[in-house]
Amino acid sequence: MKNSIIVILTNIFNKINGLFLLKLFKSKVNVNKINGLNEYPEKISNSIFSLSSNFPNNTQLSIAIIQNEEVNYYGIITINDTIKPIKNQDKVFEIGSLTKVFTSSVLATLVLEKKINLKDNINKYFSFKFNNDIKLNFQELANHTSGLPRLPRNLNLIDNKNPYKNYGSKALEEYLLKIVKLRDKKYLYSNLGAGLLGHTLGISQKKNFNELLQEKIFNKFKMDNSCTSLKDIENKLVKGLDKKGNEVPNWEFDVLFGGGGILSTTEDLVKFVKANFDSKNKELELTRFPTFEVNDKMKIGLGWHIFKSINNNNLFWHNGGTGGYSSQLLMDIEGKNAIIILSNVSEQKNKVEKLCLELKKIIGF
């Protein structure tokens, strides 16, 4: 197609995630930025600057680098075409699909509390039979092997600025009762599956899933600035932007919250990573146990994608993206290393992934 190119989407480990058609327009973003990050180590400063120099004004990145369990924060903000340092580790961003590892952590906690089993079918928590008598279990929802599609067919995407807001329990029940069809039960990344997992966990405990997140994760790991609702953190929220630097609406989730609804900070995500470093946290250890081999380079646990590092350590990775935000979390448990990046520009997701990879090379894990 004229004035278009086919873009191949890959993740941080160069696995293809998909394709899309990109129409070419002249960019209005000024790439003649000034690097004002002199107070940061040179390699880190240069990597951050080179991969964020075409981000629009008012972009923020909040970065945490953990090396041998020691934490350093690197915040940046672009103002008047200058990229400057800023302390923003306590500022709140949407983390998108990073939510899935927290949903799986709630699952693992309930398993260790012997309230549910990983291989239990979720069907018993619903008062109706699923279409074609389909059976689904907790583990396959957490590791994306249920055969469910990425999104439910009855999700109305006309409001693409806030696509999940009006998809509630009645719509999900209608989908499960009348519409759902499964593909092969192999790895197939599914926002629907993770959302259904969170919703079912809530039903199983006779609570709203957001209450479970607060009780089992945020309270336990003292993630005081992490939340499930904008009203709780409006004074700390970094506004999401489009590629031109215009503010965009925040995404709101209903029944599919478990697939992408959490708001958090790098400071709180550091607490979560350090909890993963602690061998006493058996529920988090369970989330990292491989449950399915996708190919010879990637396995998947409960939410986490698992790869091998240059030192042959297991690396645990997930990313996220909403209408105005991008996120990355990469952990090396054995070496106690990690990289966390939160960004308020969604459409630069690939560059945020590249930055994560560059920082990984600098640290050397």
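Every value quoted in this text rests on a predicted model; they were computed, and no experiment measured them.

Caption draft 1: Local environment of the pattern of salt bridges. For the coordinates displayed, the defined rule picks out 12 salt bridges. Between Glu-113 and Lys-216 there is a salt bridge whose closest N-O contact spans 3.0 Å. Of this pair, Glu-113 sits in the loop between helix 2 (99-112) and helix 3 (138-142) while Lys-216 sits in helix 6 (residues 209-218), and the two are 103 residues apart along the sequence. We classify Glu-113 as partly exposed; its relative accessible area is 34%. The shortest N-O distance in the salt bridge between Lys-165 and Glu-252 comes to 3.8 Å. Here Lys-165 is found in the loop between helix 3 and helix 4 (169-179), whereas its partner Glu-252 is found in the loop between helix 6 and strand 8 (263-264), with 87 residues between them in sequence. Of the residues examined, Lys-165 reaches a relative accessible area of 38% and is grouped as partly exposed. For Glu-252, a relative accessible area of 33% translates into the label partly exposed. Three or more residues are tied together by salt bridges with common partners; here these are Glu-113, Lys-115, Lys-207, Glu-215 and Lys-216.

Caption draft 2: Spatial organisation of the side chain of Ser-327. By secondary structure assignment, the location of Ser-327 is in strand 13 (residues 326-332). Looking at Ser-327, its side chain comes within polar contact range of the main-chain oxygen of Ile-95, at 2.8 Å.

Caption draft 3: How the structure looks around unusual backbone geometry. Although it is not a glycine, Glu-69 adopts a positive phi angle of roughly 75 degrees. Structurally, the position occupied by Glu-69 is in the loop between strand 4 (60-67) and strand 5 (70-79). Even without glycine at this site, Lys-114 takes up a positive phi of about 60 degrees.

Caption draft 4: Molecular detail of the pairing of strand 12 (residues 314-321). Most of strand 12 sits inside the fold, with 6 of its 8 residues counted as buried. Pairing analysis gives 4 bridges linking strand 11 (residues 305-308) to strand 12, with the strands arranged antiparallel. Within strand 12, the position partnered with His-305 by the bridge is Trp-317. Connecting the antiparallel pair strand 11 and strand 12 is a turn made up of 5 residues, with Asn-312 showing a positive phi of about 70 degrees. Two successive antiparallel strands, strand 12 and strand 13, enclose a turn made up of 4 residues.

Caption draft 5: Representation of helix 2 within the structure. Over its 14 residues, helix 2 runs 20 Å from end to end, which matches the ideal 20 Å to within 8%, given 1.5 Å per residue. Counting buried positions along helix 2 gives 13 out of 14 residues, so the element sits mostly inside the fold.

Caption draft 6: Examining the nonpolar core more closely. Ranked by size, the top nonpolar core spans 73 residues in total, and within it Phe-102, Leu-107, Leu-196, Leu-201 and Leu-213 carry the most contacts. Leaving out residues up to four positions away in the same chain, Leu-201 has contacts with Thr-103, Val-106, Leu-107, Leu-110, Ile-116, Phe-138, Phe-209 and Leu-212. By size, the runner-up hydrophobic cluster in this structure holds 26 residues, among which are Phe-49, Ile-339, Cys-356 and Phe-365.

Calculation criteria
Residues numbered from 1 in each chain as written. Predicted model: local features only at pLDDT ≥ 70, side-chain atom pairs only at ≥ 80, totals over all residues. Heavy atoms only, no water. Salt bridge = Lys/Arg side-chain N within 4 Å of Asp/Glu carboxyl O. Helix = DSSP H or I, 4+ residues; strand = E, 2+ residues; numbered from the N terminus. Buried < 20%, exposed > 50% of the residue type's maximum accessible area, 1.4 Å probe, protein only. Polar contact = N/O pair within 3.5 Å; in protein donor to acceptor, adjacent residues only side chain to side chain. Pairing = 2+ DSSP bridges. Expected span 1.5 Å × (residues − 1). Core = buried A, V, L, I, M, F, W, Y, C linked by side-chain atoms within 4.5 Å. Contact = heavy atoms within 4.5 Å.

None of this, on its own, says anything about what the molecule does.
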